Structures are given as C-alpha cells and as structure tokens.
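Examining the three-dimensional arrangement
Each chain, letter by letter, is given below.
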Amino acid sequence: MLNRKTKHLLLKIFSMFSVVRGYNIPIIALAQYLSAIFILAPEKRALNVILDVNLFLIVVLSSLTIASGYIINNFYDSKKDLINRPNKSKLDRLVSQKTKLQVYFSVNFIVFLLAFFISFRAVLFFSVYIFLIWFYSHKLKKKVFIGNLTAAFLAVLPFFAILLYYKNLYPQIFAHATFLFLLLLIREIIKDLENIKGDIANDYKTIPVLYGEIFSKKVVTILTISTIIPIYFLIEIFEVRYMDIYFYVSMLTLILFVQKLWKSKTKSDYLKLHNILKFLVVSGVFCIILINPEVLIHGKIVINSLR
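Report follows, based on the coordinates. None of these values were measured; they are calculated from a predicted model.

Packing of helix 7 (residues 97–115) against helix 8 (residues 120–138) brings their axes to within 8 Å, and their N-to-C directions diverge by 160°. Comparing their axes, helix 8 and helix 7 come out roughly antiparallel. When you trace helix 7 past helix 8, the crossing you get is right-handed. In contact with Tyr 104, Asn 108, Val 111, Phe 112 and Ala 115 of helix 7, helix 8 contributes Ala 122, Val 123, Phe 126, Ser 127, Ile 130 and Trp 134. Here the contact of helix 7 with helix 8 is composed, by residue class, of nine nonpolar, two polar and no charged.

Here's what the structure looks like:
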C-alpha cells in the first residue's frame, strides 16, 4: 500500500504530465524522426538518421520546448480552463502556479544549455522558439486571426528545426508543411468554437467571439477546401508513393467533416470535430512510412543480421 506522501507525489507527477500534455510529446518526437527519414533527408540511410546524435538532441530539445510551452500556456489560461475544461483544470491545479513557473524556467534553461552541443544556430533557433511561444501565450493568443495563425505556425516550427539541420529545400516538403499547417489552423478555430464561453468570460478576441459561429464555419469551410491544393501537388506532382492513400482518405474525411461542421451547435459537437482533425494529424504521422515502406523491411533485415 502506498502511503499518503507517496500518493500525493504521484498525483503531482500525474498533474504535471497533464499540464505538459505528455501524451502528445512522443507523437511529435516520432513525427520528427519519420519526417527526417522519409521526407527531409530521404537520401540518407534510415539507420544513420536514427543514430545521428545531433538529430536526437534536436528532437529532445523540441520536446522540452513544447513541454515548457504547454506549461506557460496553462499558466496564462488557468482562468479560462476553469470554464472550458473544469475536470482537467482540477487536475492541473494540483501543481501550484509557482511550481509551474519554476519548472518552465528550468526546462528552458536546460534547452538553452543543450543547444550549445549542436551549434550556435541551434541556440538562436530554440531561443527564438521559446520567446515566440511565451509571446503567443501572453499576448497573441487573445488576438483575432493572429492567435490562430501563430498557434498553427508554432506547431509546425519543430519540423523546420530539422529542415535547417539537413538544409534540404525540396518543394514537396513545403507541400507537406502547408497541408499540416492548414489542418492545424482549422483545428485552432474549431477549438475556439468549442471554448467560446471561456473566451468570452476572459476577453479573448477570437473569430467566434467577434464574428459569430456562422462566420467561423465559413472560414473553416474555406480553409478545408484549400487543403485540396497541397493534396493535389502531393498526389499528382510529387512522389509520395503509397501515402497517396492517406491523402485520398483525408479528402473524404474532410468532406464529412464540413458536413458535420454545419450541423454542429454544442460544445460536444465541436469536440468531435476537434478529435477528427486530431485523428487526421496523428494518422498522418504514422502514414509517412507509406512513402517508402521498404525502409522498414530493410531495417528488419539489418536487425536480424545483427543477431
């Protein structure tokens, strides 16, 4: 049996895990590695990419920066979350605001120090990234349009760290990035529709708050239709091999998404839409493998030969 002190400590650890959304970070790290292997550095052997110490550090620093970003975002959104996410907010509040700030500054200091082991460019990149996340959480998040655009941009930015590392400017990379950016931007507006009560109470100038649900749905519809452009380039112009299956399924899913969008009225309806977009983003991470599935077969052969 666990004593009271141990239970309290475990609850605090679980609370901090909730604050940093620890369930998201492994997916982002996996996405960075898969992007490096299949999109950003396809000319390199997969094993060399996996064993690259600098890439490992970039992924670790990205994960730590994102975790610190969730902390500072949670710090500034604590009042809003009491309305929008009461159950999660109760769990998150088991860790004091003071402790959250202490962890936030400690994590950012570790990121700053570790970045020197990669290069001075990495120090500059992650310093700017940390500042942008803070500035978004403190100021930009409450600004109409700018908040949504910045949030989507910050979510894509970790992949540009790897892009800068490999210095490969393939045009298909920007098509992938555009598709992901649009999905994330749509998700941000859906989140605003989902959290409209808390945003109104805390004076957040979001699209639904200022212009209403109908206008927000029109914006989401236009953005959803816009995803056809990067999808067309990825399927018809660039070589994504079997991943085109994912993009065809994504188009069908987004058509159903728009239909459901115009029928949605309640918070639970928008939460379902949010989960559809989250599914598309997460499944897209795993489907990157479809660009060149032979890499997995070759990797299995290599592992078996080492036994």
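Continuing now.
Counting residues in each nonpolar core, the largest one holds 87 residues, and the members touching the most others are Phe 126, Ile 190, Phe 247 and Phe 257. With sequence-adjacent residues up to four places away left out, Phe 247 is seen in contact with His 176, Phe 179, Ile 231, Leu 234, Ile 235 and Val 240.

In the structure shown here, the tally under the stated rule is 17 aromatic pairs. Taking the centre distance of 5.2 Å and the plane angle of 70° together, the rings of Tyr 104 and Phe 105 count as edge-to-face. For Tyr 104, a relative accessible area of 5% puts it in the buried group. A centroid spacing of 5.9 Å and a plane angle of 40° characterise the contact between Phe 131 and Trp 134, whose relative ring orientation is tilted. You can see Phe 131 and its partner Trp 134 sitting in helix 8, three residues apart, about one turn around the helix. Looking at Phe 131, the relative accessible area reads 45%, which means it is partly exposed. Here the aromatic cluster, defined as three or more aromatic residues joined through ring pairs, consists of Phe 125, Phe 126 and Tyr 129. Its guanidinium or amino end placed over the ring of Tyr 204, Lys 80 lies 4.6 Å from that ring's centre, counting from NZ or CZ.

In this section: a nonpolar patch on the surface. Nonpolar side chains collect at one region of the surface, where Phe 109, Phe 112, Leu 113, Phe 116, Phe 120 and Leu 124 lie side by side and expose about 620 Å² of accessible area between them. Taken together, the elements giving at least two residues each to the nonpolar patch come down to helix 7 and helix 8. Here the element with the most residues in the nonpolar patch is helix 7; it accounts for three residues. Tracing the chain through its elements places Leu 124 in helix 8.

Rules used in this analysis
- Residues numbered from 1 in each chain as written.
- Predicted model: local features only at pLDDT ≥ 70, side-chain atom pairs only at ≥ 80, totals over all residues.
- Heavy atoms only, no water.
- Axes fitted to C-alpha atoms, helices over the stretch in contact; angles between N-to-C directions.
- Helix = DSSP H or I, 4+ residues; strand = E, 2+ residues; numbered from the N terminus.
- Parallel < 35°, antiparallel > 145°, perpendicular 65-115°, else oblique.
- Left-handed = near helix turned anticlockwise from the far one by under 90°.
- Contact = heavy atoms within 4.5 Å.
- Nonpolar A, V, L, I, M, F, W, Y, C, P; charged D, E, K, R; others polar.
- Core = buried A, V, L, I, M, F, W, Y, C linked by side-chain atoms within 4.5 Å.
- Buried < 20%, exposed > 50% of the residue type's maximum accessible area, 1.4 Å probe, protein only.
- Phe/Tyr/Trp six-rings, centres within 6.5 Å; stacked < 30°, edge-to-face > 60°.
- Lys NZ or Arg CZ within 6 Å of the ring centre and 35° of its normal.
- Patch = residues over 30% accessible without salt bridge, like charges linked within 9 Å, V, L, I, M, F, W, Y side chains within 5 Å.
- Areas by Shrake-Rupley, 256 points an atom, 1.4 Å probe, with all protein chains shown as cover.
- Salt bridge = Lys/Arg side-chain N within 4 Å of Asp/Glu carboxyl O.

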